[in-house]
Amino acid sequence: MAVTDPLGDLLTRIRNGQRARKDSVVSPASKMRTRVLDVLQREGYIRGYSAEDMGPVKGVRIELKYFEGQPAIKHVARVSKPGRRIYSGSQELPRVMNGLGITIVSTPRGVLSDAEAREQNVGGEVLAEVF
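Treat the numbers as computed from the prediction; the structure is a model and nothing was measured.

Novice: Describe the pairing of strand 2 (residues 46-54), and please don't skip the residues or the numbers.
Specialist: Two strands pair when backbone bridges link them, and strand 2 and strand 3 (residues 57-64) are joined in this way by eight bridges, in the antiparallel orientation. Residue pairing for strand 3: Met 54 is matched across the bridge by Val 57. Where strand 2 folds back onto strand 3 in an antiparallel hairpin, the turn is made up of two residues, including Gly 55, whose phi is positive at roughly 80°.

If you want it as structure tokens, here you go:
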């Protein structure tokens, strides 16, 4: 069955894996998913990720991160959905938990966190929020 929201599927796999206290989860690979994983790794929400074969398709194994037994990601949610896209300018990017969390934004310069997008003065599609 085809997945209508691949990024939402990735975020759900991460959320479910952390709730089940898994060390890692596997997801199908795509360029968008790897760019989002790059941001999560840069910001310290996951330990890392690596390519993995899942039979006929390429996959990615995501190493989840915990701090004193608690998941590093307390909340992860998709903001812009296939049925309703949400766009924001560089100065109007939403702040998550008053700056303690991040917003992942797809910009013309790539997928960035909200702080990186403000620094480069670019806006775009608000993909997800994480804290």
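Novice: Can you tell me about the pattern of salt bridges, naming the residues and giving the values?
Specialist: In this structure the tally under the stated criterion is nine salt bridges. Here Arg 78 ties to Asp 5 by a salt bridge, and the two come within 3.1 Å at their closest N and O atoms. Taken together, the positions of Arg 78 in strand 6 (residues 76-78) and Asp 5 in the segment before helix 1 (6-19) put the pair 73 residues apart, joining distant regions of the chain. Exposure remark for Arg 78: the relative accessible area of 15% places this residue in the buried category. For Glu 125, the salt bridge goes to Arg 85, with nearest N and O atoms at 3.0 Å. With Glu 125 in strand 10 (residues 124-130) and Arg 85 in the loop between strand 6 and strand 7 (87-88), this pair connects stretches of sequence that are 40 residues apart. On the accessibility criterion, Arg 85 (42% relative accessible area) is partly exposed. Several salt bridges converge on common partners, so that one network encompasses Asp 9, Arg 13 and Arg 33.

Rules and cut-offs
Residues numbered from 1 in each chain as written. Predicted model: local features only at pLDDT ≥ 70, side-chain atom pairs only at ≥ 80, totals over all residues. Heavy atoms only, no water. Pairing = 2+ DSSP bridges. Helix = DSSP H or I, 4+ residues; strand = E, 2+ residues; numbered from the N terminus. Salt bridge = Lys/Arg side-chain N within 4 Å of Asp/Glu carboxyl O. Buried < 20%, exposed > 50% of the residue type's maximum accessible area, 1.4 Å probe, protein only.

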